[in-house]
Amino acid sequence: MNVPFTYVQFHLAFLVPAVLFLVATGFVSRSSSDGSDTGQSHGWRHYWAGVVIITAVALAYTTPWDNYLIARGVWWYGDGRTALRIWNAPIEEYLFIVVQPWLTALWLSHFDADNSWERSARPVAGRVVGVGAALAVGLAGWRLLGTDGGFYLGAVLAWSAPVVALQWAVGGPQLWARRRVVALGTLLPALYLCLADRIAIEFGVWVLSARYTTGVAIGGLPIEEATFFVVTNLFVVQGVILYRLVTIRWATGTAGDEQSGDEQSAVRRASGDGKRGRVGPGVDGEFEDAGG
């Protein structure tokens, strides 16, 4: 008798090992650092507080969208693959929504990034370009919603555009200045989750509707699923980076895109003695002053 590969087993096979690996490597990295214990403690509290907030927002924002698409028949779950259902989605789906931000945040915490809020010669223009690009993506999504084959892809694009637009409206120049970290922080977890998703589809844990998808696939993975993982990881990475920078700015009392030399020094003191430090918990004590 064939035993089906269940959604719970998917978590155990792909999410739990990845989280444990990133926790272990992060612990080794922090243990070998020279940062003060006080600074590390403050850094952990601020960083993971931001991740908790982002996770709560992700759950609240994704749940209605996810359940609507399931009810619409965009995808469904194989027989015997899920446990308890809440609304239209299985409980494992909610667990996935909660775990994904933590997986991405653990990966992001391994990166170094500039702690300062840089000057921008054209801060408004930078934000307008980012917001405009996000709104253009959203508009394309709304157009796709009017077709059956493009419905799922359109739903992903239209749903993601407001979040990306808001993030770039808040900190477009800062995100652009950290574009390498944003790209690497987003794409590696997305690639891993795409691989896991491809295997789950192969084993019938969930099934995508041929009616509501384009039929375009990358390595056997529907383009809609790949797009979903890219935009959701982008939400988390940009959200964590901006939360950290805004927290430092609030702690130092600076405002606006133009900073004097004294203000930039204050930001550096709140974010660490050097100009650079961890994106994640403060191995250089970057949140020591901010935590007070």
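The rules behind the values
- Residues numbered from 1 in each chain as written.
- Predicted model: local features only at pLDDT ≥ 70, side-chain atom pairs only at ≥ 80, totals over all residues.
- Heavy atoms only, no water.
- Patch = residues over 30% accessible without salt bridge, like charges linked within 9 Å, V, L, I, M, F, W, Y side chains within 5 Å.
- Areas by Shrake-Rupley, 256 points an atom, 1.4 Å probe, with all protein chains shown as cover.
- Salt bridge = Lys/Arg side-chain N within 4 Å of Asp/Glu carboxyl O.
- Helix = DSSP H or I, 4+ residues; strand = E, 2+ residues; numbered from the N terminus.
- Buried < 20%, exposed > 50% of the residue type's maximum accessible area, 1.4 Å probe, protein only.
- Phe/Tyr/Trp six-rings, centres within 6.5 Å; stacked < 30°, edge-to-face > 60°.
- Lys NZ or Arg CZ within 6 Å of the ring centre and 35° of its normal.
- Core = buried A, V, L, I, M, F, W, Y, C linked by side-chain atoms within 4.5 Å.
- Contact = heavy atoms within 4.5 Å.
- Axes fitted to C-alpha atoms, helices over the stretch in contact; angles between N-to-C directions.
- Parallel < 35°, antiparallel > 145°, perpendicular 65-115°, else oblique.
- Nonpolar A, V, L, I, M, F, W, Y, C, P; charged D, E, K, R; others polar.
- Polar contact = N/O pair within 3.5 Å; in protein donor to acceptor, adjacent residues only side chain to side chain.
- pLDDT = per-residue confidence, 0-100.

Caption draft 1: Structural detail: a nonpolar patch on the surface. Together, Val 8, Leu 12, Val 16 and Leu 20 give the surface a local cluster of nonpolar side chains, amounting to about 360 Å² of exposed area. In this structure, Val 16 sits in helix α1 (residues 7-31). For Val 16, a relative accessible area of 38% puts it in the partly exposed group.

Caption draft 2: How the structure looks around the packing of aromatic side chains. This model, assessed by the stated rule, comprises 19 aromatic pairs. Judged by centre distance (5.5 Å) and plane angle (55°), the rings of Trp 159 and Phe 235 are tilted. Taken together, the positions of Trp 159 in helix α5 (residues 151-177) and Phe 235 in helix α7 (residues 223-252) put the pair 76 residues apart, joining distant regions of the chain. Taken individually, Trp 159 and Phe 235 each receive the classification buried, so the pair is uniform in this respect. An aromatic cluster is present here, built from Tyr 7, Phe 10, Phe 14, Tyr 61, Trp 65, Tyr 77, Phe 96, Trp 159, Trp 206, Phe 228, Phe 229 and Phe 235 joined pairwise through their rings. The ring of Phe 151 is capped by Arg 72, whose NZ or CZ atom sits 4.2 Å from the centre of that ring. Sitting over the ring of Trp 176, Arg 179 keeps its end group 4.4 Å from the ring centre.

Caption draft 3: Just the nonpolar core, in detail. Counting residues in hydrophobic clusters, the biggest one holds 62 residues, and the most contacted among them are Phe 10, Trp 65, Leu 69, Trp 75, Tyr 152, Trp 206 and Ile 241. Top contributing element to this core by residue count: α7, with 12 residues. The contacts of Trp 75, once residues within four sequence positions are left out, are Asp 66, Leu 69, Ile 70, Glu 93, Tyr 152, Val 207, Leu 208 and Ser 209.

Caption draft 4: Spatial organisation of the packing of helix α4 (residues 123-144) against α5. Axis separation between α4 and α5 bottoms out at 7 Å; the angle between their running directions is 170°. The angle between α4 and α5 falls in the class roughly antiparallel. Taken together, the residues of the contact of α4 with α5 sort by class into 18 nonpolar, eight polar and one charged.

Caption draft 5: Broad picture of the side chain of Ser 109. By the secondary structure assignment, Ser 109 is in the loop between α3 (91-108) and β4 (112-114). Looking at Ser 109, its side chain comes within polar contact range of the main-chain oxygen of Leu 106, at 2.7 Å.

Caption draft 6: Representation of unusual backbone geometry in the model. The phi angle at Trp 87 is positive, at roughly 65°, despite the residue not being glycine. Along the polypeptide, Trp 87 turns up in the loop between β2 (85-86) and β3 (89-90). The exposure class of Trp 87 is exposed, given its relative accessible area of 57%.

Caption draft 7: Representation of the confidence of the model for the chain. Mean pLDDT over the chain stands at 83; residues scoring 70 or higher make up 75%. Considering only residues more than four positions removed or in separate chains, one finds that residues 255-276, a stretch of pLDDT under 50, has 56 contacts. Considering only residues more than four positions removed or in separate chains, one finds that residues 281-292, a stretch of pLDDT under 50, has 52 contacts.

Caption draft 8: Summary view of the environment of Ser 160. Inspection of the secondary structure assignment puts Ser 160 in helix α5. We classify Ser 160 as buried; its relative accessible area is 3%. On a C-alpha basis, the gap between Ser 160 and Val 231 in space is 6.6 Å, while along the polypeptide they are 71 residues apart. Beyond its immediate chain neighbours, meaning those up to four positions away, Ser 160 contacts Val 231 and Phe 235.

Caption draft 9: A look at the pattern of salt bridges. Applying the stated rule across the entire model yields two salt bridges. A salt bridge links Arg 211 to Asp 148, with the nearest nitrogen and oxygen atoms 3.2 Å apart. Here Arg 211, found in the loop between β5 (206-208) and β6 (217-218), pairs with Asp 148, found in the loop between α4 and α5; they are 63 residues apart in sequence, far enough to count as distant. Judged by its relative accessible area of 36%, Asp 148 is partly exposed. The shortest N-O distance in the salt bridge between Glu 202 and Arg 198 comes to 2.9 Å. Taken together, the positions of Glu 202 and Arg 198, both in helix α6 (residues 179-202) and four residues apart, correspond to about one turn of that helix.

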